[in-house]
Amino acid sequence: MKELESMYEDLGVSRAVYAYGEKILEDLKPRFAGIDRNAEYNQAKVLHAMQENRVDATCFAATTGYGYDDLGRDKLEKVYAATFHTEAALVRPQITCGTHALAVALSANLLPGDELLSPVGAPYDTLEEVIGIRESKCSLKEYGVSYRQVDLLPDGNFDYDGIRAAITEKTKLITIQRSKGYATRPSFSVQKIGELIAFCKSVKPGVTCMVDNCYGEFVETIEPSDLGADMIVGSLIKNPGGGLAPIGGYICGTKECVERCSYRLSAPGLGQEVGANLGLLPSLYQGFFLAPTVVSGALKGAIFAANVYERLGFRVVPNGSESRHDIIQAVELGSAERMLAFCKGIQAAAPVDSYVTPVPWAMPGYDSEVVMAAGAFVQGSSIELSADGPIRPPYAVYFQGGLTWYHAKLGILMSLQKLVEQGLVAL
Ligand SMILES: *Cc1c(COP(=O)(O)O)cnc(C)c1O
């Protein structure tokens, strides 16, 4: 039998790069054990929700047309609600992506004259057009919903005084983004989000608090819905789809908020009663079942990447030893050249499309060119190993995903390999 080092050599990783990685991994063992414990806890949570709701083979049947009386679809929503401890859930393949889920949640729960507040600085790029920060047809702004934002303090903390002052009679909904997205601010712990929600509700009881939960699901053992969020929203081609869901989004929350979302998604009066599952339920159920484990592999990959690149002298967010609140790892590479080499390595490590070279491209919803490396089974899935970033200072690559820890590890080693080969870093 060949030794492991030469298996990696066959994949294109030199012995020097492999050895560099192994040295770093030695120190990460205790942290990885902690991640495994979280995954075990979350697995129990999902299993309990499935058992409690008596999931059985009838749940996997395909429906077409209107999708009336789709028991499998309705039960999947109960499973999500039970897992995230919410009154209700909307989990649908008809929700095309995370941005769509967020747009539904916002437009369903804001009316003309209402104001939306982000107390955590600028939202994710694609939401700028949803809100109307960048002019767009059908934005909330066009429908008479105003927007206000309170930036984080320079140290990354919430500006509580600014937030208090920004909450007015008009403030109807407060949106809190858990993950940093394409920013180099910290991602927030669920605990910290809970404190912010409590503060906002103390200033204005009854204000609706929504959390953009993208990339955060199952990273911790609690979710924002455990600490007062009225809605948590995310994409099924990120964490909760476990890599198997081929499309979809979810909104979990109070009965009132979710019902409004269902009316916005389909039509007033129809709501959750319509929406055929088109045979996708087996992968939605099984993906949710696998999600805690998949997220743990992605987290290990993120922590490994942080430690590899931190030791090479790059700024990494979060840093190599910080606690984790999402699966994203930002690495500030300082040049477009290094971003491209990094992404080339991630691409070369993929099971699908490993032979293609990523090039920067203008993407809908983003205001600068973006480079993306992804060799995924599900197109654009970012719970699968992927790296991307807008080509603009500080030339940060955002690394995420990996359906297995071993694949994430290979991806990071390959990214380093490409940088070393091109003389852009020295070990
Ligand atoms: C990915 C993401 C979104 C948008 O999701 P898409 O599926 O890409 O539309 C929104 N917010 C955050 C924080 C995200 O990470």
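Calculation criteria
- Residues numbered from 1 in each chain as written.
- Predicted model: local features only at pLDDT ≥ 70, side-chain atom pairs only at ≥ 80, totals over all residues.
- Heavy atoms only, no water.
- Helix = DSSP H or I, 4+ residues; strand = E, 2+ residues; numbered from the N terminus.
- Rg over C-alpha atoms; globule rule 2.2 N^0.38 Å.
- Contact = heavy atoms within 4.5 Å.
- Areas by Shrake-Rupley, 256 points an atom, 1.4 Å probe, with all protein chains shown as cover.
- Lys, Arg positive; Asp, Glu negative; His and termini not counted.
- Charge placed at Lys NZ, Arg CZ, Asp CG, Glu CD.
- Disulfide = S-S within 2.5 Å.
- Buried < 20%, exposed > 50% of the residue type's maximum accessible area, 1.4 Å probe, protein only.
- 1 Å grid on protein atoms, 1.4 Å probe; cavity = no way out; pocket = protein on both sides within 12 Å on 5 of 7 lines; lining within 4 Å.
- Points joined across faces, edges and corners; volume = space filled by probe spheres on them.
- Pairing = 2+ DSSP bridges.
- Axes fitted to C-alpha atoms, helices over the stretch in contact; angles between N-to-C directions.
- Parallel < 35°, antiparallel > 145°, perpendicular 65-115°, else oblique.
- Left-handed = near helix turned anticlockwise from the far one by under 90°.
- Nonpolar A, V, L, I, M, F, W, Y, C, P; charged D, E, K, R; others polar.
- Near = heavy atom within 4 Å.
- Polar contact = N/O pair within 3.5 Å; in protein donor to acceptor, adjacent residues only side chain to side chain.
- Sits in = over half its atoms within 2 Å of the grid points.

K.L.:
Outline the overall build of the protein chain, listing residues and values.
P.N.:
Scanning the protein chain for helices and strands turns up 11 helices and 12 strands. At 21 Å, the protein chain has a C-alpha radius of gyration in line with the 22 Å of a compact globule built from 427 residues. In terms of principal-axis extent, the alpha carbons of the protein chain reach across some 60 × 50 × 40 Å. Sequence-distant contacts, at least 24 apart, represent 70% of the contacts inside the protein chain between residues at least 6 apart. Element-wise, carbon and sulfur atoms account for 56% of the exposed surface of the protein chain, whose accessible area totals about 17,500 Å². Here the protein chain contributes 38 positive and 49 negative side-chain charges, whose respective centroids are spaced 1 Å apart.

K.L.:
I'd like a description of the state of the cysteines, backed by residues and values.
P.N.:
Taken as a whole and judged by the stated rule, the model has zero disulfides. Cys 97 forms no disulfide, and the closest cysteine sulfur to it belongs to Cys 214, at a distance of 8.9 Å. Cysteine Cys 200 shares no disulfide, and the gap to the nearest cysteine sulfur, in Cys 209, comes to 5.2 Å. Exposure remark for Cys 200: the relative accessible area of 0% places this residue in the buried category.

K.L.:
Just give me the short version of empty space enclosed by the protein, but keep the residues and values in it.
P.N.:
Within this structure, the stated rule accounts for one cavity of 30 Å³ or more. Here the largest cavity is characterised by a volume of approximately 50 Å³. For the largest cavity, the full set of lining residues is Ser 118, Val 120, Pro 123, Leu 127, Thr 175, Ile 176, Gln 177 and Asp 212. Here the lining of the largest cavity gets three residues from one element, more than from any other, and that element is strand β4 (residues 171-177).

K.L.:
Hey, could you go over the sheet that holds strand β9 (residues 329-332) for me, with residue numbers and the actual values?
P.N.:
Overall, antiparallel pairing links the five strands, which are arranged β8-β9-β12-β11-β10 in an open sheet. If you trace the sheet from one side to the other, it starts and ends with β8 (315-317) and β10 (370-374), each paired once. Between one strand axis and the next, the sheet turns through 20 degrees on average, direction left out of account. Sheet analysis places strand β11 (residues 386-390) next to strand β12 (residues 396-400), joined by three bridges and oriented antiparallel. Directly across from Ser 386, in β12, lies its bridge partner Gln 400. Relative to β10, helix α10 (residues 336-348) is tilted by about 20 degrees, and along the sheet it contacts β10, β11 and β12.

K.L.:
Describe the packing of helix α9 (residues 281-311) against helix α11 (residues 405-421), and please don't skip the residues or the numbers.
P.N.:
Viewed as axis vectors pointing N to C, α9 and α11 meet at an angle of 25 degrees, and their least axial separation amounts to 8 Å. As the angle between them shows, α9 and α11 are arranged roughly parallel. Every pair of crossing elements has a handedness; the one defined by α9 and α11 is right-handed. Every residue of α11 that contacts α9 at Gly 297, Lys 300, Gly 301, Phe 304, Ala 305, Val 308 and Tyr 309 is listed here: Trp 405, Ala 408, Lys 409, Ile 412, Leu 413, Ser 415, Leu 416 and Leu 419. In the contact of α9 with α11, the residues fall into 10 nonpolar, three polar and two charged.

K.L.:
Summarise the site of the ligand; cite the residues concerned and give the values.
P.N.:
What surrounds the ligand is the set Cys 97, Gly 98, Thr 99, Leu 102, Tyr 124, Gln 177, Asp 212, Cys 214, Tyr 215, Ser 235 and Lys 238. Measuring from an oxygen atom of the ligand, one finds a backbone N or O atom of Gly 98 at 2.8 Å. Thr 99 is positioned such that a nitrogen or oxygen atom in its side chain is 2.5 Å from an oxygen atom of the ligand. Protein chains shield 91% of the accessible area of the ligand, which is 370 Å² for the free molecule. Using a 2 Å cut-off from the grid points, one finds that the ligand occupies the largest pocket. With three residues, the top contributor of residues to the shell around the ligand is helix α4 (residues 98-109). Grouping the amino acids of the shell around the ligand by side-chain chemistry returns five nonpolar, four polar and two charged.

K.L.:
Residues and numbers for the sheet that holds strand β3 (residues 146-149), please.
P.N.:
Pairing within the open sheet is mixed, and its seven strands lie in the order β1-β7-β6-β5-β4-β2-β3. Of all the strands in the sheet, just β1 (88-92) and β3 have a single pairing partner and so form its edges. In this sheet, neighbouring strand axes are inclined to one another by 20 degrees on average, regardless of whether the strands run parallel or antiparallel. Bridge count for β4 against strand β5 (residues 208-212) is five bridges, and the pairing is parallel. Across the sheet, the residue bridging to Thr 175 is Met 210, located in β5. Each of β1, β6 (231-235) and β7 (249-253) touches helix α3 (residues 71-84); the most contacted strand, β1, lies at about 125 degrees to it. The sheet contacts of helix α7 (residues 190-203) involve β4 and β5, and relative to β5 the element is tilted by about 160 degrees.

K.L.:
Outline the side chain of Ser 225, listing residues and values.
P.N.:
As for its position among the elements, Ser 225 is in the loop between β5 and β6. Of note is the side chain of Ser 225, whose polar atom sits 2.7 Å from the backbone oxygen of Phe 84. Apart from the residues lying within four places of it in its own chain, the contact partners of Ser 225 are Phe 84, His 85, Thr 86 and Ile 232.

Taken by themselves, the reported measurements are silent on function.
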